[in-house]
Amino acid sequence: MNGNHIDVAALPPVPHYTPAQPTKEPLDFADLPIIDLAQARTNPTAAAAEVREAMSTKGFLYIVNHGNTTSQMERLFDIANVPFAQVPEEEKKQFDSKPHETGSFQGYKLRQYWHIEGGVRDQVESYNINRNVNRRTHPEALHPYIHEVDAFARHNHFEVANAILRLLALGLELPEETFVEMHDWEKVSEPFVRFMKYYPRSEEDEAKTKGVWFKGHTDFGSITLLYSQPVSALQILCQDGKWRWVRHIENAIIVNAGDALEFLSGGVYKATIHRVVQPPSDQRNVTRLGVYYFNLFDDDVKLAPLTSSPIVQQHRLQTTQAKRFEDDPEKAPTQKDWRLGRTLAYGNTKNQAEMKEGGLQGESKVQEEVVAGVVVRHYN
């Protein structure tokens with residue numbers, strides 16, 4: 001959606017979404033590094049060291065100076081609200097992705113689809129658009145804005161995600177284009193733009209789930225880009241076992257590593273566990289609108305450690321932690337295997353009944369299941 005490519009004066013009008021004011025409550029915020037993408041381009045060596053440190057210890061960081069202005073992102077959030085506020089319920093059902101049946105999020109994930117806890121189902125709605133926006137049709141209300149979503153997807157892929165992927169490769173002392181070449185825009189794959197809206201829940205449901213809206217989990221792709229918004233609800237599980245809130249920074253992108261990047265890096269980069277919980281009291285009765293870009297490796301990429309990296313080799317010799325990944329390239333899942341397995345499993349009551357208790361991590365109860373031969377953990 002970079003302004004260099006779109007004539008702002010020619011854009012169609014869109015109903016305005018008014019976000020909540022940032023919380024004034026003194027929350028326990030996580031201390032996350034901030035990477036200036038403009039400076040990173042002039043000094044990639046120093047930036048790569050910062051990114052490696054952040055992704056090997058926290059798995060989360062902020063990106064600023066990413067190429068989209070505050071006003072451009074305000075309009076993008078207005079567009080993000082269209083699938084929820086401007087599309088009739090009956091039309092939404094025509095674009096239902098039914099992820100537990102299809103293994104794909106393309107289209108709507110409707111409310112009350114996932115089981116959270118104690119019989120309570122979710123109150124989150126998402127609309128997901130493949131980076132190739134013409135791969136599927138869309139609700140009529142979105143048609144005037146699809147060219148902007150296309151520009152936004154391309155900007156995230158080529159200008160933001162690829163820049164981060166280059167730094168991540170340099171951090172492993174790999175050729176700069178190593179990860180970029182595993183994200184071929186022309187290939188049929190599942191990276192997508194996500195618009196997501198959380199709705200307030202009843203006090204009864206909050207009590208049954210202890211305020212958890214989205215269980216602790218890791219993402220299944222390479223990196224996720226989350227455009228910061230003011231409603232505090234996102235938390236990460238820190239190394240000391242405590243959940244801490246992620247602070248809102250105006251027009252910043254929150255970046256986290258996913259499973260696939262952890263697997264390929266041999267555990268150097270951490271797929272950090274995160275969850276969504278009930279917002280603080282001064283934001284409790286508002287909706288929370290999110291804009292994301294989920295980046296995934298090409299479907300055929302084998303998720304085995306890149307042993308050509310001296311950093312990966314050194315880490316594998318030094319670490320005593322249990323691995324989450326498969327060393328053998330022949331046995332390791334592909335990105336497609338992992339994507340399908342994770343999508344089919346999450347929030348599925350049948351799968352939850354088959355999970356086994358995996359003990360405690362800090363303050364969180366851990367449940368485990370096996371997906372594509374690899375242990376997946378859920379944190380409550």
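Let me begin by describing the structure that accompanies this report. The structure presented is a predicted model; accordingly, all values stated were derived computationally and were not measured.

Looking now at the packing of aromatic side chains. Scanning the model with the defined rule gives eleven aromatic pairs in all. Where Phe105 meets Trp114, the ring centres are 6.4 Å apart and the plane angle is 85°; that geometry is what we call edge-to-face. You can call Phe105 buried: its relative accessible area is 8%. Ring plane angle 15° and centroid distance 5.0 Å describe the contact between Phe192 and Phe294, whose orientation is recorded as stacked. Placement of Phe192 in strand S7 (residues 192-198) and of Phe294 in strand S14 (residues 288-295) is noted, with a sequence separation of 102 residues between them. By the burial criterion, Phe192 is buried, and Phe294 matches it. An aromatic cluster is built from Phe105, Trp114, Phe192, Phe214, Tyr292 and Phe294, whose rings are joined through pairwise contacts. For the cation-ring pair, Lys109 lies above Trp114, with the distance from its terminal atom to the ring centre recorded as 4.6 Å.

Of the pockets and cavities examined, the second largest pocket occupies roughly 360 Å³. Lining the second largest pocket are 23 residues, and of these Pro19, Phe77, Ser228, Pro230 and Glu250 sit closest to its centre. Of all the secondary structure elements, the ones that give two or more residues to the lining of the second largest pocket are helix H3 (70-85) and S14. Considering every element that reaches the lining of the second largest pocket, the biggest residue donor is H3, with five residues. Of the residues contributing to the lining of the second largest pocket, the split by class is eleven nonpolar, eight polar and four charged.

Each value, and the rule that gives it
- Residues numbered from 1 in each chain as written.
- Predicted model: local features only at pLDDT ≥ 70, side-chain atom pairs only at ≥ 80, totals over all residues.
- Heavy atoms only, no water.
- Phe/Tyr/Trp six-rings, centres within 6.5 Å; stacked < 30°, edge-to-face > 60°.
- Buried < 20%, exposed > 50% of the residue type's maximum accessible area, 1.4 Å probe, protein only.
- Helix = DSSP H or I, 4+ residues; strand = E, 2+ residues; numbered from the N terminus.
- Lys NZ or Arg CZ within 6 Å of the ring centre and 35° of its normal.
- 1 Å grid on protein atoms, 1.4 Å probe; cavity = no way out; pocket = protein on both sides within 12 Å on 5 of 7 lines; lining within 4 Å.
- Points joined across faces, edges and corners; volume = space filled by probe spheres on them.
- Nonpolar A, V, L, I, M, F, W, Y, C, P; charged D, E, K, R; others polar.

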